[in-house]
Amino acid sequence: MGIKDLLVMKTPVPTLGGRTVLITGAASGIGRATAEAAARDGAQLVLTDLHADALDDVVKRINTSGGEVVYHQAGDISDHQWVSAFARQVDAEVGVMDVVMNIAGVSAWGTVDNLEHRHWRTMVDVNLMGPIHVIESFVPQMIRRGAGGHLVNVSSAAGLLAFPWHAAYSASKFGVRGMSEVLRFDLRRHGIGVSLVCPGGVDTPLVDTVDIVGVDRTDPRVKAAVANFHKVAVSPEKAAQAILAGVQHNRFLVYTSFDVRFGYWWARKFALPYEIVMRVANARFDRLARISSPESSSRTSAPDGSDATP
């Protein structure tokens, strides 16, 4: 490897036109928006998602609007055997992927005293092992082909920063970040680029369905907090454009909003202020948890429903 190769890497996938692109989590949110945007750019799509009916709807919408879905199948990426079989079918019917995008994911928040083992297990199985299953089933073919390609792994702002209540979620997303850091260098010699996408607030259905363990989501104060999130969240379409630009310019760190970019820079440059801000945020979250927990509601409400707090 020469000096030039150490300093400069030719962009492996400067355009999606005519390229085969695998997208997981394609039935909703960022995955759906990315699939639709890639279709408009001329990609030949291979799509998968856990939810068959929603996936069929997306495929129909893309194909009727002039896009091209060459293969799709519903399945669970946390199931290694299913992903392996899916990859064999794709290899046989479509061929080797040019771009592999790990977008599927789930979320659960909560303090360690509220989180159950199933929450930790689901985060790791879907958010970390899912992408690992896809990578080991699709990327070796790209290496053997010798024509380069691109890998996209979606982490999160919670894979960069220590948000309150995110221990289980961050365990999976920091894992994706670490894996991507290594693959960025391991795959470079094969002409395969790697992008690590770190979204902040994105206004997807996941926001309203995320499992916040130990908190009553019907509490007006919790609803207000979720509503405030919606105000600052970017659209899935904007996140999708950031992802496609990351591929087309071979960027490693891909941000979907300025706040995450600034927050990560600030955390690295100003460690003590960052730690203080996180302590304050944690204290505020703790207060919200205490006043909105089901146990708190039962203690503070009289049998007739009136406020029993002194």
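Conventions we followed
- Residues numbered from 1 in each chain as written.
- Predicted model: local features only at pLDDT ≥ 70, side-chain atom pairs only at ≥ 80, totals over all residues.
- Heavy atoms only, no water.
- Phe/Tyr/Trp six-rings, centres within 6.5 Å; stacked < 30°, edge-to-face > 60°.
- Helix = DSSP H or I, 4+ residues; strand = E, 2+ residues; numbered from the N terminus.
- Buried < 20%, exposed > 50% of the residue type's maximum accessible area, 1.4 Å probe, protein only.
- Lys NZ or Arg CZ within 6 Å of the ring centre and 35° of its normal.
- Salt bridge = Lys/Arg side-chain N within 4 Å of Asp/Glu carboxyl O.
- Pairing = 2+ DSSP bridges.
- Right-handed = clockwise from strand over helix to strand, strands pointing away.
- Axes fitted to C-alpha atoms, helices over the stretch in contact; angles between N-to-C directions.
- Parallel < 35°, antiparallel > 145°, perpendicular 65-115°, else oblique.
- Left-handed = near helix turned anticlockwise from the far one by under 90°.
- Contact = heavy atoms within 4.5 Å.

### Focus: the packing of aromatic side chains
For step 1, the next point in the chain: Inspection of every chain in the model, using the stated rule, returns 6 aromatic pairs.
For step 2, the next point in the chain: With a centroid separation of 4.9 Å and 10 degrees between ring planes, the pair formed by Trp82 and Phe86 is classed as stacked. Of this pair, Trp82 and Phe86 both sit in helix H4 (residues 80–93), 4 residues apart, which is roughly one turn of that helix. For the pair Trp82 and Phe86, a shared accessibility class is recorded, and that class is buried.
For step 3, the next point in the chain: Measuring from ring centre to ring centre gives 5.7 Å for Trp265 and Phe270, while their planes differ by 75 degrees; the resulting arrangement is edge-to-face.
For step 4, the next point in the chain: In this structure Trp265 comes out as partly exposed when scored by relative accessible area, which is 37%.
For step 5, the next point in the chain: Taken together, the ring pairs in this structure connect Tyr71, Trp82, Phe86 and Phe138 into an aromatic cluster.
For step 6, the next point in the chain: In this structure, Arg268 packs its charged tip against the face of Tyr264, placed 4.1 Å from the ring centre.

### Here we look at the pattern of salt bridges
For step 1, the next point in the chain: Under the criterion given, the structure shown has 6 salt bridges.
For step 2, the next point in the chain: For the salt bridge of Asp98 with Arg145, the shortest nitrogen-to-oxygen distance reads 3.1 Å. Within this pair, whereas Asp98 is found in the loop between H4 and strand E4 (99–102), its partner Arg145 is found in helix H5 (residues 117–145), the two being separated by 47 residues in sequence.
For step 3, the next point in the chain: By relative accessible area, Asp98 is classed as buried at 13%.

### A closer look at the pairing of strand E3 (residues 68–74)
For step 1, the next point in the chain: As paired elements, strand E2 (residues 44–49) and E3 share 6 bridges and run parallel to each other. Following the sheet pairing, Thr48 is matched in E3 by Gln73.
For step 2, the next point in the chain: Considered for its hand, the β-α-β crossover made up of E2, helix H3 (residues 52–64) and E3 is right-handed.

### Focus: the packing of H4 against H5
For step 1, the next point in the chain: Where H4 contacts H5, the two axes come as close as 8 Å, and the packing angle between them is 25 degrees. In this view, H4 runs roughly parallel relative to H5, as classed from their interaxial angle. Remark: the crossing between H4 and H5 carries right-handed chirality. Of the residues in H5, those touching H4 at His80, Val83, Ser84, Phe86, Ala87, Val90 and Asp91 are His133, Val134, Glu136, Ser137, Phe138 and Gln141.

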